[in-house]
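The lines below spell out each chain.
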Amino acid sequence: MTIRVQCEDFDVGAELEALTRGRTSIGGVTSFVGYVRDMAGGAPVSAMTLEHYPGMTERQLEAIAGEARRRWPLDAVLVIHRYGRLEPGDRIVLVATASAHREAAFESCHFLIDWLKTRAPFWKLEATPEGERWVEAKASDDAAAQRWRE
Amino acid sequence: MTIRVQCEDFDVGAELEALTRGRTSIGGVTSFVGYVRDMAGGAPVSAMTLEHYPGMTERQLEAIAGEARRRWPLDAVLVIHRYGRLEPGDRIVLVATASAHREAAFESCHFLIDWLKTRAPFWKLEATPEGERWVEAKASDDAAAQRWRE
Amino acid sequence: MKVLYFAWLRSKIGVASEDVTPPPEVTDVGGLVEWLKGRSPGHAEALANAAVVKAAINREHVPFDHPVGPGDEVALFPPVTGG
Amino acid sequence: MKVLYFAWLRSKIGVASEDVTPPPEVTDVGGLVEWLKGRSPGHAEALANAAVVKAAINREHVPFDHPVGPGDEVALFPPVTGG
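Predicted model, so just to flag it, every value in this text is computed and none were measured. (Residues numbered from 1 in each chain as written. Chains lettered and ligands numbered in written order. Predicted model: local features only at pLDDT ≥ 70, side-chain atom pairs only at ≥ 80, totals over all residues. Heavy atoms only, no water.)

Caption draft 1: Quick peek at the interface of chain D and chain A. Listed by partner, the interface residues are 21 residues for chain D and 25 residues for chain A. Taken together, chain D and chain A are joined by two salt bridges. The partner of Arg 59 of chain A in a salt bridge is Glu 60 of chain D, and the shortest N-O contact between them spans 3.5 Å. Taken together, the connections running from chain D to chain A amount to 14 residue pairs in polar contact (both at pLDDT 80 or more). Counting residues per element, the ones that place at least two in the side of chain D that touches chain A are β1 (2-5), α1 (7-13), β4 (60-62) and β5 (73-77) of chain D. By residue number, the principal contributor to the side of chain D that touches chain A is α1 of chain D, which donates four residues. Here the side of chain D that touches chain A is built from residues that sort into eleven nonpolar, six polar and four charged. (Contact = heavy atoms within 4.5 Å. Salt bridge = Lys/Arg side-chain N within 4 Å of Asp/Glu carboxyl O. Polar contact = N/O pair within 3.5 Å; in protein donor to acceptor, adjacent residues only side chain to side chain. Helix = DSSP H or I, 4+ residues; strand = E, 2+ residues; numbered from the N terminus. Nonpolar A, V, L, I, M, F, W, Y, C, P; charged D, E, K, R; others polar.)

Pasting the structure below:
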């Protein structure tokens, strides 16, 4: 289980390679990479600053990853989330899960990003032509997370 | 839309980078990498040889990818599938979809691998201590593909 | 008509492809499969259980009642197992 | 008791954290938020709509009826928007 919260970018290929190297029981790895989009709510976005709650962030990500391991038979779990100033096209987050079976990999990866979006203490400040604005939480994210309630 | 059927390995990081480079409308990329496992049906597997139907394979993969684009709002679709002799831990397949929205990326990627498993003309020959055996199709793969019928 | 075999159909029949000229009463995939069984014991064994044989014509999946003609490329294979 | 503010709560209140000593009648998060509103106009504005304020105590999400004590690290923030 690898959890990292960092300012710098990450190398998706190298991270997935490290996750699976030498582990020949893995049948599939599902991963999700989130990017900064150039538009939000119809307005152009020139930059985004991610604020987080150091200490709580890592703890929440570990709890979410632990929950995924409890629910699915996983060989490995990886979560990397960036903070600080990012630009359109920049990577924000990488979530990956490895399992003997692809259903478990898909479901657990989807679960991780859905829960992360509603539980990990990150906040996004967007820079637009009208100035800076804090991104509001989406009802669709709450609905997506609710889907995974047991 | 990138479809490749090849003997050689692929670089997941480089492929995903090529898929998204310079495209700042993408919010998320979901990818799945399938690997050769060291066990199958309780028996150790020392190697796997993938046979395919050149010409039909590419056509079927293109049809599946086209169907994904029809069903979901996707910015990019990538399918790379290997053939020939592989060993446990080797990558077999990479499927990735990029979209403004993560639900579309997750669902379409899952759809692609489920359909590929039941429609793309590949066959696996496993080498085990008891000799070579052709992998049988799984009822669970048919069920997974059925889930996506419209 | 060109017929291709894959996976264990190929190993049982012993060739990857062959050019055949079935009689006029062979009009669909099912009829072709029945007729092919008579070509050799290997054909008969490979095609014994038609329920586990799938077909493609000109690189598209087709059911057994799909028509076949002289210019077609017909492929016969077990259920696919890629991915 | 240490109180941390994040995102627009921080910008409206003007500080990222402060040490406070609420009176004994403040026993839960809801009571603390009400009491904090009296500290400055910025606090009052930031905490006006408690429905959009979330809380964590010692780095765990908690509801507003969760007890608070002198040694706690209390964080107040808007709904999270990472990922």
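Caption draft 2: Representation of helix α2 (residues 29-36) of chain C in the model. Among the residues of α2 of chain C, Val 29, Gly 30, Leu 32, Val 33 and Leu 36 of chain C are the ones counted as buried. What you see down the axis of α2 of chain C is that its buried residues fit within an arc of 160°, all on one side. (Buried < 20%, exposed > 50% of the residue type's maximum accessible area, 1.4 Å probe, protein only. Arc of directions from axis to C-beta.)

Caption draft 3: Structural detail: the packing of helix α2 (residues 56-71) of chain B against helix α3 (residues 102-119) of chain B. Residues and elements named next belong to chain B. With their axes 10 Å apart at the nearest point, α2 and α3 run at an angle of 150° to one another. On the basis of the axis angle, α2 is roughly antiparallel to α3. For the pair α2 and α3, the sense of crossing is right-handed. Facing α2, whose interface residues are Gln 60, Leu 61, Ile 64, Ala 65, Glu 67, Ala 68 and Arg 71, α3 presents Phe 111, Leu 112, Trp 115, Leu 116 and Arg 119. Per-class residue counts for the contact of α2 with α3 are eight nonpolar, one polar and three charged. (Axes fitted to C-alpha atoms, helices over the stretch in contact; angles between N-to-C directions. Parallel < 35°, antiparallel > 145°, perpendicular 65-115°, else oblique. Left-handed = near helix turned anticlockwise from the far one by under 90°.)

Caption draft 4: Summary view of the confidence of the model for chain C. Scored by pLDDT, chain C has a mean of 97; 100% of the residues are at 70 or more. This prediction of the complex comes with two scores: 0.96 for pTM and 0.95 for ipTM. (pLDDT = per-residue confidence, 0-100.)

Caption draft 5: Highlighting α3 of chain B. The end-to-end C-alpha distance of α3 of chain B, which contains 18 residues, comes to 25 Å, matching closely the 26 Å that a straight helix rising 1.5 Å per residue would cover. Summarising burial for α3 of chain B: 14 of the 18 residues are buried, a large majority. (Expected span 1.5 Å × (residues − 1).)

Caption draft 6: Seen up close, the sheet that holds strand β6 (residues 76-82) of chain B. Read from one edge of the open sheet, eight strands run β1(A)-β6(A)-β8(A)-β2(A)-β2(B)-β8(B)-β6(B)-β1(B), paired in mixed fashion. Here the strands that pair on one side only, and so sit at the sheet edges, are β1 (2-6) of chain A together with β1 (2-6) of chain B. Across the sheet, the mean angle from the axis of one strand to that of its neighbour is 5°, orientation sign disregarded. Pairing between strand β2 (residues 28-35) of chain A and strand β2 (residues 28-35) of chain B: seven bridges, direction antiparallel. Each bridged residue has a counterpart across the sheet, and for Ser 31 of chain A the counterpart in β2 of chain B is Ser 31 of chain B. Packed on one face of the sheet, helix α3 (residues 102-119) of chain A meets β2, β6 (76-82) and β8 (91-99) of chain A together with β2 of chain B and runs near 145° to β8 of chain A. (Pairing = 2+ DSSP bridges.)

Caption draft 7: Focus on the sheet that holds strand β7 (residues 84-86) of chain B. Residue and element names in this part refer to chain B. Read across the open sheet, the four strands follow the order β7-β5-β9-β10; overall the sheet is antiparallel. Two strands in the sheet have a free side with no partner beyond their single neighbour: β7 and β10 (131-134). Averaged over all pairs of adjacent strands, the angle between strand axes in this sheet comes to 25°, irrespective of strand direction. Here four bridges tie strand β9 (residues 122-128) to β10, and the two strands are oriented antiparallel to one another. Each bridged residue has a counterpart across the sheet, and for Thr 128 the counterpart in β10 is Gly 131.

Caption draft 8: Spatial organisation of the relation of the copies chain B and chain A. In the superposition of chain B on chain A (RMSD 0.0 Å, axial shift 0.0 Å), the rotation amounts to 180°. Within this description, the copies of the chain are treated as partners about a two-fold rotation axis. Ranked by how close their C-alpha atoms come to the rotation axis, the residues of chain B are headed by Gly 13 of chain B, at 1.8 Å. Comparing contact sets, 100% of the residues at the interface of chain B also lie at the interface in chain A, consistent with an isologous, same-surface contact. (Least-squares fit on C-alpha atoms with pLDDT ≥ 70 in both.)

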